[in-house]
Amino acid sequence: MLLLPCGLYTDIVAHCLGGFPDEGCGLLAGNVAGGQVVACYPTQNMAASARLYAVDPKAHLQADRDAEARGIEIMGVFHSHTHTDAYPSPTDVAQAPDPDWHYVLVSLRDTHPVVRSYRIVQEHVVEEPIVLQAR
Amino acid sequence: MPVEVRLPTVLRSAAGGNATVSTSGATIGEVLRNLVGAYPGMSGQVLTEDGSLHRFVNVYVNDDDVRYLQQLDTVVGEGDEVSILPAVAGG
């Protein structure tokens, strides 16, 4: 389960829309075991592509340090699919960096953004519910 | 020279759950080889079989990605902080 404050949900979708038609991406920080998102770090898509994304390594380091200073940790990544469903692509699955992470997908294929979250463990994908929080 | 290395969560289980470990080396290559030597569970996750930097990790000296420095030949000095993070990418 991913516990996601509404403000961060808005930040995620807004960042992905801002990167359209390329994929948008960023990191999520919080309590990884409890699935509680506390902070969102939108980053540049270094791949600058409508088919691929790559989180800016330098921004990742800054986010990691900021999270550590706040007593939270990087717990996942979000990125958009601009032409396909909000479901991890074979590349997403093969390159999933951490089995403890939460993987949020934003589909911008249709007019209304679709946001879903997954766990990816040993290339096995399981969707998890997103629970929106008032703050 | 002793060097502190910050580990990503995915590598911590191979290091007894520690977020930071101490190892040694004068270059990033030496530091990473010593790290994997001390924690064999990281084998294949940081360096490839031929000894090059694994493409799924990013390694930093202080604020700089070593791929934009001298890669594994990047010199590490006293007080430098080495960080390893996963390369986060997909399609």
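Note that the structure is a prediction, hence the values are computed from the model and not measured. (Residues numbered from 1 in each chain as written. Chains lettered and ligands numbered in written order. Predicted model: local features only at pLDDT ≥ 70, side-chain atom pairs only at ≥ 80, totals over all residues. Heavy atoms only, no water.)

A. Representation of the overall build of chain B in the model. A tally of helices and strands in chain B yields two helices and six strands. N-terminal to C-terminal, the α/β element order of chain B is β-α-β-α-β-β-β-β. For 91 residues, the compact-globule formula gives about 12 Å, and the C-alpha radius of gyration of chain B, at 12 Å, lands near that figure. Buried residues in chain B amount to 46% of all 91 residues. Of the side chains in chain B, 5 bear a positive and 11 a negative charge, and the two mean positions are spaced by 9 Å. (Helix = DSSP H or I, 4+ residues; strand = E, 2+ residues; numbered from the N terminus. Rg over C-alpha atoms; globule rule 2.2 N^0.38 Å. Buried < 20%, exposed > 50% of the residue type's maximum accessible area, 1.4 Å probe, protein only. Lys, Arg positive; Asp, Glu negative; His and termini not counted. Charge placed at Lys NZ, Arg CZ, Asp CG, Glu CD.)

B. Focus on the environment of Gly 79 of chain B. As for its placement among the helices and strands, Gly 79 of chain B is situated in the loop between strand E4 (64-65) and strand E5 (81-86). It is 8.8 Å that separates the C-alpha atoms of Gly 79 of chain B and Pro 2 of chain B, two residues lying 77 residues apart in sequence.

C. Representation of the sheet that holds E4 of chain B in the model. The sheet built from five strands is open, its strands ordered E2-E1-E5-E3-E4 (chain B) with mixed pairing. Each end of this open sheet is capped by a strand with a single partner; those strands are strand E2 (20-24) and E4 of chain B. Pairing of strand E1 (residues 2-6) of chain B with E2 of chain B involves five bridges; the strand directions are antiparallel. Bridging across to E2 of chain B, Arg 6 of chain B finds its partner in Thr 20 of chain B. Of the strands in this sheet, E1, strand E3 (57-61), E4 and E5 of chain B are in contact with helix H2 (residues 57-69) of chain A, which crosses E5 of chain B at around 105 degrees. Helix H2 (residues 28-38) of chain B contacts E1, E2, E3 and E5 of chain B of the sheet and is inclined by roughly 115 degrees relative to E2 of chain B. (Pairing = 2+ DSSP bridges. Contact = heavy atoms within 4.5 Å. Axes fitted to C-alpha atoms, helices over the stretch in contact; angles between N-to-C directions.)

D. Structural context of H2 of chain A. Residues and elements named next belong to chain A. Compared with an ideal rise of 1.5 Å per residue, which puts 13 residues at 18 Å, H2 spans 18 Å between its outermost C-alpha atoms and is within 8% of the ideal. Every buried residue of H2 is accounted for by Pro 57, Ala 59, His 60, Leu 61, Ala 63, Asp 64 and Ala 67. With a side-chain oxygen lying 3.1 Å from the backbone nitrogen of Lys 58, the N-terminal cap of H2 falls on Asp 56. Looking at the residues trailing H2, positive phi occurs at Gly 71, about 75 degrees. (Expected span 1.5 Å × (residues − 1). Polar contact = N/O pair within 3.5 Å; in protein donor to acceptor, adjacent residues only side chain to side chain.)

E. Representation of the interface of chain B and chain A in the model. Taken together, the 21 residues of chain B in the interface contact 26 residues of chain A. Taken together, the two surfaces of chain B and chain A that pack against each other cover about 1900 Å², and 49% of this comes from carbon and sulfur. Three residues stand out in chain B for area buried against chain A, namely Arg 6, Val 88 and Gly 91 of chain B, and they jointly supply 33% of the buried area on that side. The interface formed by chain B and chain A holds six salt bridges in total. Where Arg 6 of chain B meets Glu 68 of chain A, a salt bridge forms, and the shortest distance between an N and an O atom there is 2.9 Å. Connecting chain B to chain A are 14 residue pairs in polar contact (both at pLDDT 80 or more). Going through the elements one at a time, helix H1 (9-12), E3, E4, E5 and strand E6 (89-90) of chain B are the ones with two or more residues in the side of chain B that touches chain A. Taken together, the residues of the side of chain B that touches chain A sort by class into eight nonpolar, six polar and seven charged. (Buried area = accessible area lost by both parts, 1.4 Å probe. Salt bridge = Lys/Arg side-chain N within 4 Å of Asp/Glu carboxyl O. Nonpolar A, V, L, I, M, F, W, Y, C, P; charged D, E, K, R; others polar.)

F. Molecular detail of the nonpolar core. Of all hydrophobic cores here, the largest spans 23 residues; its most connected members are Val 5, Ile 28, Leu 32, Val 59 and Ile 84 of chain B. Broken down by element, the residue count for this core peaks at five residues, all from H2 of chain B. Those residues in contact with Ile 84 of chain B that lie beyond four places of it in its chain are Val 5, Arg 6, Leu 7, Pro 8, Leu 11, Leu 32, Leu 35, Val 57, Asn 58 and Val 59 of chain B. By size, the runner-up hydrophobic cluster in this structure holds 21 residues, among which are Ala 86, Tyr 103 and Val 125 of chain A together with Val 88 of chain B. (Core = buried A, V, L, I, M, F, W, Y, C linked by side-chain atoms within 4.5 Å.)

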